[in-house]
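# Fold and contact review
Here's the letter readout for the chains.
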Amino acid sequence: MTVKEYNGAVDEYADAVYRFIRADLRDDDRAKDIVQDSYEKLWKHVAEIDYSVVKSWLFSTAYHTMIDIIRKEKRMTGLEECEESDLLNESQYTDLNEILHAALERLPEQHRSVVLLRDYEGYSYKEIGEIAGLSEAQVKINIYRGRMALKNYIGKIETVI
Amino acid sequence: MDPERTNMDEDELMASVRLEPDKISFPGKDKLRKSAADLTDTQIEYLSIACLEKDISPDQLQELEINLKENSESRAIFDTFQKTKLVPPAVVFKNKNSLKKLSAGQKVFRMATAGLSAAAAIVILILSYIFVPDLINGRNNQTASGIIQDTTPATIIIAGSNPIIARTKTIIPEKENSLTATEGAIILAVVPDTLPVSIIIEYQSITSVFIPVVSGVSFQIPDLSLIASNNSYIPKEIDEDRSRLRKFIASTFREKILGEKFYTDEAIRPIEVAIAGVNGMNKLFDWNMELRETVDEAGEVKSVYFSSALLTFNSPVRKTSE
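Residues numbered from 1 in each chain as written. Chains lettered and ligands numbered in written order. Predicted model: local features only at pLDDT ≥ 70, side-chain atom pairs only at ≥ 80, totals over all residues.

A tally of helices and strands in chain B yields 10 helices and nine strands. For chain B, the proportion of its 322 residues judged to be buried stands at 15%. Long-range contacts, defined as pairs at least 24 residues apart, comprise 47% of the intrachain contacts of chain B with a sequence gap of at least 6. (Helix = DSSP H or I, 4+ residues; strand = E, 2+ residues; numbered from the N terminus. Buried ≥ 20, exposed ≤ 12 C-beta atoms within 10 Å, placed from the backbone. Contact = placed C-beta atoms within 7 Å.)

See the structure below:
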């Protein structure tokens, strides 16, 4: 990859990687740090990496950096732990997309990431598998479980409202 | 013993003991058959997700559609799943420029561009001060006698102890060399003339005032516009007084230097000059400083925010009563 291609990758993919990490972490500052860190790593390997794979490389690097952070903090929370009082607080959301993103925060990390990669970036099962280090079948199962959890959450919210 | 003969006997023997299946069928077979309408909720959930993910075969899709037509509960499940599709927010990564790597030539070009931009800004400021003396002196200290030389149609305020902004639609020529403002107001458009004339303006407690005007001139007087008073009242500077050049400079500054898509030609404020300076330094040194105003719900400036690697502050703006 040339310097020109590297800068092209900044223009083309920095926003998408940032959106993905930000939605996953719900933390602007750390999302910025992860994006910068990912591009620093890319720059270190700029000569070795082909431009055709740079997008998935960036997503994969950012994803694994994020996973490391999450594991350190042990901040995973199951949707099943969701109390009705929480739902009452969240009934203030008027926009469905806001509700979905609130629900997304409660999903197990792996479910959340695959759903985000699928919906935000339109990646195939295979591409998501390459980024997250999962088999296609695992990706499919995670998406299925993630969607089920989101659907149940929406159902609960609608019941409360 | 002949081995072939032996095999034949065995075949015949086995044939005689072969069991033939009975010609009966399961009586409840029809009950076992299912139609698309019989799909369970779990299956509908699975198919709804598959449909959302575009991972469904044409046959499955057809069956799902049949079921949805006939079963409102399935339709509700399907609709809920369609809502789980996330829409990415319109966020962008602001520090993109800091990620980019420049070649030596590009760095020189960027520094040259930034330098030229700074020089252009300075030239614009100098020119604005040369060609727009109002920037320095303004009209704040002008008195009625000074402004009276102005050829701009104007409203004159006459007041005793308190300035009064009065309005009148007409000024009636009464005599050859005089005009009288009517409707109890005190308004006059003033044009210098070699032949001094005067009008008498009377308004209740206000002392009569004599002001030289041109006789026989038809005036178009904008309501509530003000240029002068017979006391030390200081008129406000108004936009209409700004020259085209100043407006041009202001709009060019905003368009070219601040890079605003939607810009006005209002007077340049110090904060805008400061923002331009910060942007210039960011370009020049590849820094990531940020200077911006924050506004409240009414759109008024609430504070000034500055951020850099060394210092970050958010300074509230002190509001002065007018």
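So much for the structure itself; the text now carries on.
Across its full length, chain A holds eight helices and zero strands. When the helices and strands of chain A are read in sequence order from the N terminus, they spell out α-α-α-α-α-α-α-α. Buried positions account for 37% of the 161 residues belonging to chain A. Across chain A, contacts joining residues at least 24 apart in sequence account for 70% of those joining residues at least 6 apart.

What follows is about the pairing of strand S7 (residues 290-295) of chain B. Residue and element names in this part refer to chain B. The pairing of S7 with strand S8 (residues 301-307) spans six bridges and is classified as antiparallel. Its bridge partner lying in S8, leucine 291 is registered against phenylalanine 306. Hairpin connection of S7 to S8: five residues between the antiparallel strands, including glycine 299 at a positive phi of 90°. (Pairing = 2+ DSSP bridges.)

On to the packing of helix H3 (residues 54-73) of chain A against helix H7 (residues 125-132) of chain A. Working note: a packed helix pair is described by the angle between its axes plus the distance between those axes. All names here are of chain A. Packing of H3 against H7 brings their axes to within 8 Å, and their N-to-C directions diverge by 50°. Taken together, H3 and H7 sit at an angle that is classed as oblique. Across the interface between the two elements, Ser56, Phe59, Ser60 and Tyr63 of H3 pack against Glu127, Glu130, Ile131 and Ala132 of H7. Residues belonging to the contact of H3 with H7 are distributed by class as follows: four nonpolar, two polar and two charged. (Axes fitted to C-alpha atoms, helices over the stretch in contact; angles between N-to-C directions. Parallel < 35°, antiparallel > 145°, perpendicular 65-115°, else oblique. Nonpolar A, V, L, I, M, F, W, Y, C, P; charged D, E, K, R; others polar.)

This part covers the interface of chain A and chain B. The partner chain B presents 22 residues to the 30 residues of chain A that form the contact. Those elements that provide at least two residues to the side of chain A that touches chain B are helix H1 (3-25), helix H2 (28-44), helix H5 (96-106), helix H6 (109-121) and helix H8 (136-160) of chain A. For the side of chain A that touches chain B, the element with the highest residue contribution is H1(A), accounting for 10 residues. Each residue belonging to the side of chain A that touches chain B can be placed in one class, and the counts come to 18 nonpolar, four polar and eight charged.

The next subject is the environment of B:Leu291. Residue and element names in this part refer to chain B. With respect to the helices, strands and loops of the structure, leucine 291 is situated in strand S7. For leucine 291, a count of 17 C-beta atoms within 10 Å corresponds to the partly exposed category. The contact partners of leucine 291, leaving out residues within four places of it in the chain, are Ala274, Ile275, Val278 and Phe306.

Here we take up the sheet that holds S7(B). All names here are of chain B. Overall, antiparallel pairing links the three strands, which are arranged S7-S8-S9 in an open sheet. The outermost strands of the open sheet, each flanked by one partner alone, are S7 and strand S9 (312-316). On average, each strand axis in the sheet is inclined to that of its neighbour by 15°, with strand direction left out of account. When S8 meets S9, the two strands line up antiparallel, connected through five bridges.

Moving on, we come to the nonpolar core. All names here are of chain A. Ala14, Val17, Ile21, Val35, Ala62 and Ile128 are the most contacted members of the largest nonpolar core, which has 44 residues in total. At the level of secondary structure, the elements contributing two or more residues to this core comprise H1, H2, H3, H5, H6, H7 and H8. Counting residues per element, this core draws most heavily on H1, at 11 residues. Inspection of this core shows a minimum of three residues originating in each of domain 1 (1-75) and domain 2 (78-161). Ignoring sequence-local partners within four residues, the contact set of isoleucine 21 consists of Ala31, Ile34, Val35, Ala62 and Met66. (Core = buried A, V, L, I, M, F, W, Y, C linked by C-beta atoms within 7 Å. Domains from an automatic or database assignment.)

On to unusual backbone geometry, then. A positive phi is found at A:Arg26, a non-glycine position, where the angle reads about 55°. Assignment of secondary structure puts A:Arg26 in the loop between H1 and H2. When the 14 C-beta atoms within 10 Å are taken as the criterion, A:Arg26 is described as partly exposed. Despite not being glycine, B:Lys54 has its phi angle at roughly 55°, a positive value. Relative to the assigned elements, B:Lys54 resides in the loop between helix H3 (41-52) and helix H4 (58-70).

Residue and element names in this part refer to chain A. Where H6 meets H7, the closest approach of the two axes is 10 Å, and the angle between their N-to-C directions is 135°. It follows from the interaxial angle that H6 and H7 lie oblique. Where H6 crosses over H7, the two elements pack in a sense that is right-handed. Contacts between H6 and H7 involve Ser113, Val114, Leu117 and Arg118 on the former and, on the latter, Ile128, Ile131 and Ala132. (Left-handed = near helix turned anticlockwise from the far one by under 90°.)

Every α-helical turn comprises 3.6 residues, leaving residues that sit three or four positions apart pointing alike. Residues and elements named next belong to chain A. In this model, H2 (17 residues) spans 24 Å end to end at C-alpha, consistent with the 24 Å of a helix rising 1.5 Å per residue. Looking at H2, one finds that the buried residues are Ala31, Ile34, Val35, Ser38, Tyr39 and Leu42. Around the axis of H2, the buried residues are gathered within 130° of arc, so they sit on the same side. Exposed side chains of H2 directed beyond 90 degrees from the buried face belong to Asp29, Glu40 and Lys44. (Expected span 1.5 Å × (residues − 1). Arc of directions from axis to C-beta.)

Residue and element names in this part refer to chain B. With 13 residues, H4 extends 19 Å from end C-alpha to end C-alpha; this agrees with the ideal 18 Å at 1.5 Å per step. Inspection of H4 places Leu64, Asn67 and Leu68 among the buried residues, and these make up the whole buried set. Mapping the buried residues of H4 onto a view down its axis gives an arc of 100°, with all of them on the same face. Among the exposed residues of H4, those oriented more than 90 degrees off its buried face are Pro58, Asp59, Gln62 and Lys69. Looking at the packing, one finds that the buried side of H4 touches H3 and helix H5 (72-82).

Moving on: the environment of B:Arg75. All names here are of chain B. Within the fold, arginine 75 resides in helix H5. Here arginine 75 falls in the partly exposed class, since 15 other C-beta atoms lie within 10 Å of it. Counting along the chain gives 11 residues from arginine 75 to leucine 64, while the straight-line C-alpha distance between them is 9.6 Å.

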